[in-house]
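Results of the structural survey
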Amino acid sequence: MPELPDVETFRRRLAHTGLHREISRVEVRDPSLLHGVKRDRLRQVLRDSDLTTTRRHGKHLFAKTDGAWLVEHFGMTGYLLSTADKDALPEHTRFVLHFTDGRSLALVDQRRLGSVGLVDDPDHFVADEQLGPDALAVTEAELGELLAGRRGGLKSALMDQRLLAGIGNIYSDEILFQARLHPKLSASDLDEAARRRLHRQVRRVFRTAIERRADPRCLPHSWLLRHREDGAPCPRGNGRVRRLTPHGRGAYYCPTCQASRRS
């Protein structure tokens, strides 16, 4: 599932290849992805306009047009593709912006769980969707306040988009591994040192992943993500990776590196 580093990579791709180019045609191949907007309205707003700036909040990507903000969410399998060859669009292309210079930006989504819409203001959208602060922008103090009154395990807390926007199943495992915190550790039980460690690793993991374009093949071999399989060797050499299912979501961790359920 695309998480914050993936969507930031898509944002940079859009900014590099899609800004300040006139949109000649809007192609909606799958209307089921449209969220809160009709196909004709979407075409009316976007056609003959330019995308002028981009923004990301958590897993949502925004692009400003002359009249509104385009907002995209990538569901579980979606990604943004930029191409100069309209005939080369993949099988599961759902939505395409065609530009007058021949380039195209396509939302490709095999499982059809993404969405495309228009909003007047990203801040209002974030509030209406009850999204928490962006995980890469949150301060250490803010993170501590968010977790202080949280019931349940730490992994579940990190993945709650209403608490903190942008962290999903895979990167929550990586962050907890790097911070040496057990997935089932109570979020409200973190002491100051553990909170500081957690905040530092959220920023470090995401910044590293973004620098490497969220490509798993390019991420450090010392990361858990490269060994995220039950029984795989711990990348620190501390035994075997194990899988557990807190609240029905699979979590991978090292029982030695993340031994304690208390901070």
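Just above sits the structure.
Calculation rules
- Residues numbered from 1 in each chain as written.
- Predicted model: local features only at pLDDT ≥ 70, side-chain atom pairs only at ≥ 80, totals over all residues.
- Heavy atoms only, no water.
- Helix = DSSP H or I, 4+ residues; strand = E, 2+ residues; numbered from the N terminus.
- Rg over C-alpha atoms; globule rule 2.2 N^0.38 Å.
- Buried < 20%, exposed > 50% of the residue type's maximum accessible area, 1.4 Å probe, protein only.
- Contact = heavy atoms within 4.5 Å.
- Areas by Shrake-Rupley, 256 points an atom, 1.4 Å probe, with all protein chains shown as cover.
- Lys, Arg positive; Asp, Glu negative; His and termini not counted.
- Charge placed at Lys NZ, Arg CZ, Asp CG, Glu CD.
- Axes fitted to C-alpha atoms, helices over the stretch in contact; angles between N-to-C directions.
- Left-handed = near helix turned anticlockwise from the far one by under 90°.
- Nonpolar A, V, L, I, M, F, W, Y, C, P; charged D, E, K, R; others polar.
- 1 Å grid on protein atoms, 1.4 Å probe; cavity = no way out; pocket = protein on both sides within 12 Å on 5 of 7 lines; lining within 4 Å.
- Points joined across faces, edges and corners; volume = space filled by probe spheres on them.
- Expected span 1.5 Å × (residues − 1).
- Polar contact = N/O pair within 3.5 Å; in protein donor to acceptor, adjacent residues only side chain to side chain.
- Pairing = 2+ DSSP bridges.

Moving on: the overall build of the protein chain. A tally of helices and strands in the protein chain yields 7 helices and 10 strands. Its C-alpha radius of gyration of 20 Å places the protein chain within 12% of the 18 Å reference for a compact globule of 263 residues. When the backbone C-alpha atoms are referred to their principal axes, the protein chain occupies close to 55 × 35 × 30 Å. When each of the 263 residues of the protein chain is scored for burial, the buried share is 54%. Taking the intrachain contacts of the protein chain between residues at least 6 apart in sequence as the baseline, contacts between residues at least 24 apart amount to 63%. For the protein chain, the accessible surface area stands at approximately 12,500 Å², while carbon and sulfur atoms represent 42% of it. Positive and negative side-chain charges in the protein chain, numbering 45 and 35 respectively, have mean positions lying 6 Å apart.

Below, the discussion takes up the packing of helix 4 (residues 140–148) against helix 7 (residues 192–211). The N-to-C vectors of helix 4 and helix 7 enclose an angle of 115°; their axes lie 10 Å apart at closest approach. Crossing angle aside, the handedness with which helix 4 passes helix 7 is right-handed. Along the contact surface, helix 4 presents Glu140, Leu143, Gly144 and Leu147, while helix 7 presents Arg195, Arg196, Leu198 and His199. By residue class, the composition of the contact of helix 4 with helix 7 is 3 nonpolar, 2 polar and 3 charged.

Right, let's get into empty space enclosed by the protein. All told, the structure shown has 1 cavity of 30 Å³ or more when counted by the stated rule. Of the voids in this model, the largest cavity is the one considered here, and its volume is about 40 Å³. Listed by contribution, the elements that provide at least two residues to the lining of the largest cavity are strand 4 (69–73), strand 6 (93–99) and strand 7 (104–108). Looking at the lining of the largest cavity element by element, the count peaks at 3 residues for strand 7. Among the residues making up the lining of the largest cavity, the classes are represented as 9 nonpolar, no polar and 1 charged.

Before going further, it helps to examine helix 7. Helix length check: helix 7 (20 residues) gives 29 Å between terminal C-alpha atoms against 28 Å at 1.5 Å per residue, within 8%. Turning to helix 7, its buried residues are Ala194, Leu198, His199, Gln201, Val202, Val205, Phe206, Thr208, Ala209 and Ile210. Contacts made by the buried residues of helix 7 are with helix 1 (4–17), helix 4, helix 5 (154–159) and helix 6 (169–179). The residue sitting at the N-terminus of helix 7 and contributing the capping side-chain oxygen is Asp191; that oxygen lies 3.3 Å from the backbone nitrogen of Ala193. Arg213 sits one or two positions beyond helix 7 and adopts a positive phi of about 60°.

Turning to the sheet that holds strand 6, a few remarks are in order. If you walk across this open sheet you meet the 4 strands as 1-6-7-5, and the pairing is antiparallel. Strand pairing shows two members of the sheet lacking a second neighbour, strand 1 (23–28) and strand 5 (79–83), which therefore form its edges. Each strand of the sheet is rotated relative to its neighbour by a mean of 15°, with strand direction disregarded. Sheet analysis places strand 6 next to strand 7, joined by 5 bridges and oriented antiparallel. Residue His98 lies in a different strand from strand 7, and its bridge partner there is Ser104. With respect to the sheet, helix 1 is in contact with strand 5 and strand 7, its orientation differing from that of strand 5 by roughly 25°.

Another point: the layout of surface pockets. Looking at the largest pocket, its volume works out to about 330 Å³. Pro2, Asp6, Phe10, Ala214 and Pro216 are the residues nearest the centre of the largest pocket, which is lined by 17 residues in total. When residues in the lining of the largest pocket are grouped by element, the largest group, 4 residues, is from helix 1. The volume enclosed by the second largest pocket comes to roughly 210 Å³. Looking at the second largest pocket, it is lined by 15 residues, and the ones nearest its centre are Met1, Lys59, Gln161, Gly168 and Arg249. The residue makeup of the lining of the second largest pocket, split by class, is 5 nonpolar, 7 polar and 3 charged.

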